[in-house]
Amino acid sequence: MALKVEHEMHRRRRSRNVGLGLVLVALIGVVFGLSVVKITTGESMEGYDHALRPQLVEDDR
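Residues numbered from 1 in each chain as written. Predicted model: local features only at pLDDT ≥ 70, side-chain atom pairs only at ≥ 80, totals over all residues. Heavy atoms only, no water.

Novice: An account of the overall build of the chain is needed here, citing residue identities and associated values.
Specialist: Counting its secondary structure elements, the chain contains 1 helix and 0 strands. In the chain, which comprises 61 residues, the share counted as buried stands at 2%. For the chain, the exposed area adds up to about 6300 Å²; of that, 64% sits on carbon and sulfur atoms. (Helix = DSSP H or I, 4+ residues; strand = E, 2+ residues; numbered from the N terminus. Buried < 20%, exposed > 50% of the residue type's maximum accessible area, 1.4 Å probe, protein only. Areas by Shrake-Rupley, 256 points an atom, 1.4 Å probe, with all protein chains shown as cover.)

Novice: Any details on the pattern of salt bridges? Residues and values, ideally.
Specialist: Under the counting rule described, the total for this entry stands at 3 salt bridges. The salt bridge involving Arg 14 is made with Glu 6; its shortest N-O contact spans 2.2 Å. Residue Arg 14 is classed as partly exposed on the basis of its relative accessible area, which comes to 44%. Note on Glu 6: relative accessible area 32%, which makes it partly exposed. Taken together, the salt bridges that share partners define one network made up of Glu 6, Arg 11 and Arg 14. (Salt bridge = Lys/Arg side-chain N within 4 Å of Asp/Glu carboxyl O.)

Worth remembering: the numbers are spatial, not functional.
Here it is as structure tokens:
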């Protein structure tokens, strides 16, 4: 016999907490996945700082 009887309210609260935890883990996974994809695309990782950079100017020859 259990020493401490669990109330039905605690079971509902635990299931909500587990659901919220799964949603947060999924959100973290999506953000991490998008970050990995962005980093591994191989494109230039330079930021746009409103300055002319010769390596970005297309050559019209």
